[in-house]
Amino acid sequence: MTWSEMQPLLEQACTETLVMVGWSTLIAVVGGLPLGILLVLTDKGGLLQNTVVNKVIGQIVNIGRSLPFIILMVALMNFTRWVTGTTIGSEAAIVPLAIGGIPFFARLVETAVREVDHGLVEAVQAMGGNTWTIVRKVLVPEALPSLIASTTTTVIALIGYSAMAGTVGGGGLGDLAVRYGYQRFETGLMWITVAILAVVISLIQFAGDFAARALHRRGARSGPGPTLRLLKGEEPATAEVGKAA
């Protein structure tokens, strides 16, 4: 197979992979972020301590993470057909990719949020901040570098999942490698696909690490002061009482 024959196939496969991974990452972040934060808040000693809720959410996340992706795809075929009208192609692959990515990202979020200094939480509580204020002004901003790193890890994992989705007609680079590299013995095309995946993953990892380090350095320079000042600005009455005292 010549390069002129490979090029349109590679362009289409790359586009399909980017669409699958992009949408599934967005859904995984939107669904996994609140789930991971809730796991921390409802845990023992958390702001919303609730053992039953924590156990239920934890078990759901564990089950979602324990299923191999290829089995998850098969198990969700009826649901995927109901959502997208089909079980093949890149649009159909987004459904299992997103559902598989949510519990994966939720656990990473839980780990990142647990690393936040509890002293900041106590300081905001002492100033009268409620749970939503603590989450919005302390937990998420302070854990942001780790959350960026977690998102990077999730994107890379979803790229690997999308390649597996190609084995059952999910489209993208994985599907191209299977149909041409394996079934038609186009070894050259298969190795080009592998090289593209390696380059894309390396670029994503580099960008994620750079962003996480930049946020970490900025946070280290500014310290917790800006967060607490923002909170004080929201509660002028508290600040005035402190000055009067």
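These numbers come from a predicted model, not from an experiment.

About the thresholds
Residues numbered from 1 in each chain as written. Predicted model: local features only at pLDDT ≥ 70, side-chain atom pairs only at ≥ 80, totals over all residues. Heavy atoms only, no water. Helix = DSSP H or I, 4+ residues; strand = E, 2+ residues; numbered from the N terminus. Buried < 20%, exposed > 50% of the residue type's maximum accessible area, 1.4 Å probe, protein only. Contact = heavy atoms within 4.5 Å. Areas by Shrake-Rupley, 256 points an atom, 1.4 Å probe, with all protein chains shown as cover. Axes fitted to C-alpha atoms, helices over the stretch in contact; angles between N-to-C directions. Left-handed = near helix turned anticlockwise from the far one by under 90°. Nonpolar A, V, L, I, M, F, W, Y, C, P; charged D, E, K, R; others polar. Parallel < 35°, antiparallel > 145°, perpendicular 65-115°, else oblique. Core = buried A, V, L, I, M, F, W, Y, C linked by side-chain atoms within 4.5 Å. Patch = residues over 30% accessible without salt bridge, like charges linked within 9 Å, V, L, I, M, F, W, Y side chains within 5 Å. Salt bridge = Lys/Arg side-chain N within 4 Å of Asp/Glu carboxyl O. Expected span 1.5 Å × (residues − 1).

Draft legend 1. Highlighting the overall build of the chain. Counting secondary structure elements, the chain contains 11 helices and 0 strands. Scored against the burial criterion, the 245 residues of the chain give a buried share of 36%. Partitioning the contacts of the chain with sequence separation of at least 6, the portion at a separation of at least 24 is 74%. Counting every atom, the chain has about 13,400 Å² of accessible surface; 65% of that belongs to carbon and sulfur.

Draft legend 2. Fine view of the packing of helix 1 (residues 3-41) against helix 5 (residues 90-114). Interaxial distance between helix 1 and helix 5 falls to 5 Å at its minimum, and their mutual angle equals 35°. Considering only the axes of helix 1 and helix 5, their crossing is right-handed. For the contact of helix 1 with helix 5, a count of residues per class yields 20 nonpolar, 6 polar and 4 charged.

Draft legend 3. Geometry of the environment of A163. Positionally, A163 belongs in helix 7 (residues 131-165). Judged by its relative accessible area of 25%, A163 falls in the partly exposed class. Sequence separation of A163 and G174 is 11 residues, and the distance between their C-alpha atoms is 3.8 Å.

Draft legend 4. Here's a closer look at the packing of helix 4 (residues 77-84) against helix 5. In contact at an axis separation of 9 Å, helix 4 and helix 5 are set at 125° when each is read in the N-to-C sense. Comparing their axes, helix 5 and helix 4 come out oblique. Both helix 4 and helix 5 take part in a crossing whose hand is right-handed. Residue-level inspection shows F79, T80, V83 and T84 of helix 4 in contact with helix 5, the latter providing E91, A92, V95, P96 and I99. Residues that form the contact of helix 4 with helix 5 fall into these classes: 6 nonpolar, 2 polar and 1 charged.

Draft legend 5. Summary view of the nonpolar core. By size, the foremost hydrophobic cluster in this structure holds 22 residues, and its most contacted members are F69, L97, L176 and L189. Secondary structure elements with two or more residues in this core: helix 1, helix 3 (69-75), helix 5, helix 7, helix 8 (172-182) and helix 9 (187-222). When residues no more than four places from it in sequence are discounted, the contact partners of L189 are M1, M6, L10, L176 and Y180. Counting residues in hydrophobic clusters, the runner-up holds 17 residues, among them V109, V113, V124 and I134.

Draft legend 6. Summary view of a nonpolar patch on the surface. A cluster of nonpolar side chains, contributed by V19, W23, L26, I27 and V30, occupies part of the molecular surface with about 470 Å² of accessible area. Within the secondary structure layout, L26 lies in helix 1.

Draft legend 7. Region of interest: helix 5. The end-to-end C-alpha distance of helix 5, which contains 25 residues, comes to 35 Å, matching closely the 36 Å that a straight helix rising 1.5 Å per residue would cover. Of all 25 residues in helix 5, 18 are buried; the element is thus mostly enclosed.

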